[in-house]
Amino acid sequence: MGLRLKGETMGTSWSANWCAAPGLPEDTVKAALEAGFARMIASMSPWEPSSLISRYNRLDPGESLTIDAPFAEVMDIALEVARASGGALDPCLGGEVMRWGFGPAGTGAGEEGRAHGPAIWDKLMPEPGRLYQPGGVTLDLNAVAKGYAVDQMARTLENFGITQYLVEIGGEFVGRGVKPDRSPWWVDLENPSPEEAPWRLALVGCAVATSGDYRQQIVRGQHRLSHIVPASSRTSQFGNLASVSVIHECCAWADAWATAFFAMGDVPSLALAGELGLATIIQYRDAPARLSARLESWME
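Criteria and thresholds
Residues numbered from 1 in each chain as written. Predicted model: local features only at pLDDT ≥ 70, side-chain atom pairs only at ≥ 80, totals over all residues. Heavy atoms only, no water. Helix = DSSP H or I, 4+ residues; strand = E, 2+ residues; numbered from the N terminus. Contact = heavy atoms within 4.5 Å. Phe/Tyr/Trp six-rings, centres within 6.5 Å; stacked < 30°, edge-to-face > 60°. Buried < 20%, exposed > 50% of the residue type's maximum accessible area, 1.4 Å probe, protein only. Lys NZ or Arg CZ within 6 Å of the ring centre and 35° of its normal. Expected span 1.5 Å × (residues − 1). Arc of directions from axis to C-beta. Salt bridge = Lys/Arg side-chain N within 4 Å of Asp/Glu carboxyl O. Polar contact = N/O pair within 3.5 Å; in protein donor to acceptor, adjacent residues only side chain to side chain. Pairing = 2+ DSSP bridges. Axes fitted to C-alpha atoms, helices over the stretch in contact; angles between N-to-C directions. Left-handed = near helix turned anticlockwise from the far one by under 90°. Core = buried A, V, L, I, M, F, W, Y, C linked by side-chain atoms within 4.5 Å.

Mapping lysine 6 onto the fold places it in strand 1 (residues 2–9). Put simply, lysine 6 and glutamate 168 are 162 residues apart on the chain and 9.4 Å apart in space, counted from C-alpha to C-alpha. Not counting the four nearest positions on each side in its chain, lysine 6 is found in contact with Trp14, Ser15 and Lys30.

Quick look at the packing of aromatic side chains now. By the definition in use, this model includes two aromatic pairs. Centre to centre, the rings of tryptophan 14 and phenylalanine 37 are 5.3 Å apart; their planes meet at 55°, and the pair counts as tilted. On the criterion of sequence distance, the pair formed by tryptophan 14 in strand 2 (residues 12–19) and phenylalanine 37 in helix 1 (residues 26–44) is long-range, its members being 23 residues apart. Here tryptophan 14 and phenylalanine 37 have matching classes, each one buried. A centroid spacing of 5.1 Å and a plane angle of 35° characterise the contact between tryptophan 257 and phenylalanine 261, whose relative ring orientation is tilted. Note that tryptophan 257 and phenylalanine 261 are positioned in helix 7 (residues 251–264) at a spacing of four residues, about one turn of the helix. The class of phenylalanine 261 is buried, set by a relative accessible area of 0%. One Lys or Arg, arginine 155, reaches over the ring of tyrosine 148 and ends 5.8 Å from the middle of that ring.

It is worth spelling out helix 1 at this point. Under the 1.5 Å per step criterion, the end-to-end length of helix 1 is 27 Å for 19 residues, consistent within 8% with the ideal 27 Å. Among the residues of helix 1, those classed as buried are Val29, Leu33, Gly36, Phe37, Met40, Ser43 and Met44. The arc that holds every buried residue of helix 1, seen down its axis, measures 130°, which confines them to one face. Away from its buried face, by an angle of more than 90 degrees, helix 1 presents the exposed residues Asp27 and Arg39. Elements that come into contact with the buried residues of helix 1 comprise strand 1, strand 2, helix 2 (52–57), helix 3 (69–84), helix 6 (142–159) and strand 5 (164–169).

The subject of this paragraph is helix 6. Between the first and last C-alpha of helix 6 there are 26 Å, a value that for 18 residues agrees with the 26 Å anticipated at 1.5 Å per step. Within the sequence span of helix 6, burial applies to Ala143, Val144, Ala145, Gly147, Tyr148, Ala149, Val150, Asp151, Met153, Ala154, Thr156 and Leu157. In the core, the buried residues of helix 6 are packed alongside strand 2, helix 1, helix 3, strand 5, strand 6 (172–176) and helix 7.

Applying the stated criterion across every chain yields a total of three salt bridges. Ionic pairing is found between arginine 83 and aspartate 122, a salt bridge with its closest N-O pair at 2.9 Å. Within this pair, whereas arginine 83 is found in helix 3, its partner aspartate 122 is found in helix 5 (residues 118–124), the two being separated by 39 residues in sequence. When the shortest N-O distance is used, the salt bridge between glutamate 172 and lysine 146 registers 3.8 Å. Separated by 26 residues along the polypeptide, glutamate 172 in strand 6 and lysine 146 in helix 6 bring together distant segments of the chain.

So, on to the side chain of serine 85. Position of serine 85 relative to the elements: it lies in the loop between helix 3 and helix 4 (94–99). In this structure serine 85 comes out as buried when scored by relative accessible area, which is 9%. A distance of 3.4 Å separates a polar atom in the side chain of serine 85 from the backbone oxygen of alanine 82. Excluding anything up to four places from it in sequence, serine 85 contacts Trp257, Ala260, Met264 and Leu272.

What the eight strands build is an open sheet, ordered 1-2-5-6-9-12-13-14; its pairing is antiparallel. Looking at strand neighbours, the two that pair on one side only are strand 1 and strand 14 (290–291), the edges of this open sheet. Alignment of strand 9 (residues 206–212) against strand 12 (residues 241–248), held across six bridges, turns out to be antiparallel. Across the sheet, the residue bridging to alanine 209 is valine 246, located in strand 12. Contacts between helix 1 and the sheet are confined to strand 1, strand 2 and strand 5, with strand 1 contributing the most and set at about 30° to the helix.

What follows is about the packing of helix 3 against helix 7. Where helix 3 contacts helix 7, the axes come no closer than 10 Å and their chain directions differ by 35°. Taken as a pair, helix 3 and helix 7 cross one another with a handedness that is right-handed. Mapping the contact onto sequence places Ile77, Glu80, Val81 and Ala84 in helix 3 and Ala252, Trp253, Ala256, Trp257 and Ala260 in helix 7.

Right, let's talk about the nonpolar core for a bit. In globular proteins that are soluble, nonpolar side chains generally tend to be buried together. One finds Trp18, Phe71, Leu124 and Leu139 to be the most contacted residues of the largest nonpolar core, which totals 76 residues. Take this core: its biggest share by element is eleven residues, from helix 7. Within the second largest apolar cluster, 16 residues are counted, among which are Leu166, Phe173, Val187 and Leu189.

What follows is the structure in structure tokens.
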């Protein structure tokens with residue numbers, strides 16, 4: 001039997017499609033999913049003043065905060081991708097994001113929140129489960145947290161014994177198993193270029209996450225500003241870069257790498273995706289999409 005739930009969380013929409021034998025109340029599943037969303041918001045939402053991340057961002061230099069397991073896992077992923085990407089993704093750029101006009105106003109929006117980079121990363125978690133404020137750090141984990149929340153949705157369904165499902169939050173997906181007719185869970189990736197059709201993916205045992213600025217941006221004068229702070233080495237030689245999608249076993253990792261690659265630009269991203277063996281789609285506003293070596297090998 002095919003079932004579907006949907007709602008809103010984290011400033012966007014969510015949905016869950018699954019196949020299960022009769023007898024499992026939809027209200028029970030929905031309550032469990034929404035409880036998971038509430039825990040994520042209480043932990044890592046910078047829009048919630050009482051969340052752990054908001055409390056951390058208000059700490060004085062030298063103070064520390066005990067964080068929950070999801071926060072610690074997301075921080076570990078963010079810091080690992082930060083190091084591997086040369087800082088293209090940096091969880092300490094919350095102040096910069098706010099100064100660009102995105103995210104909640106407040107801590108980090110003025111002269112605060114300017115501490116970031118490798119020297120800072122090593123000071124944040126010198127012991128498990130505890131986060132230290134070296135001074136001037138404004139964390140922003142949105143590049144990983146939404147994907148992590150989708151992974152949590154998947155775990156919630158699996159705790160009910162559900163093994164065939166497609167779950168998503170704001171266009172980040174995890175698919176497991178197949179439909180009753182044995183067809184896969186199909187996902188269409190929006191194509192920013194009007195000249196090309198959407199990319200259609202079969203999600204069977206994997207996740208996909210997309211980062212880009214073709215939807216979320218601010219125009220000031222003659223300049224278009226993205227909510228993703230670009231790396232200093234960012235380049236785009238093949239067109240007007242619009243989005244990067246990464247396919248991975250884990251949605252949190254896909255989310256983190258999609259953001260890092262978009263911040264880097266297409267040329268260095270394709271090179272690094274090739275080194276790491278990551279399946280990646282880079283889309284443009286005015287040029288054909290380009291694929292990483294691993295994704296191209298899947299299509300041969």
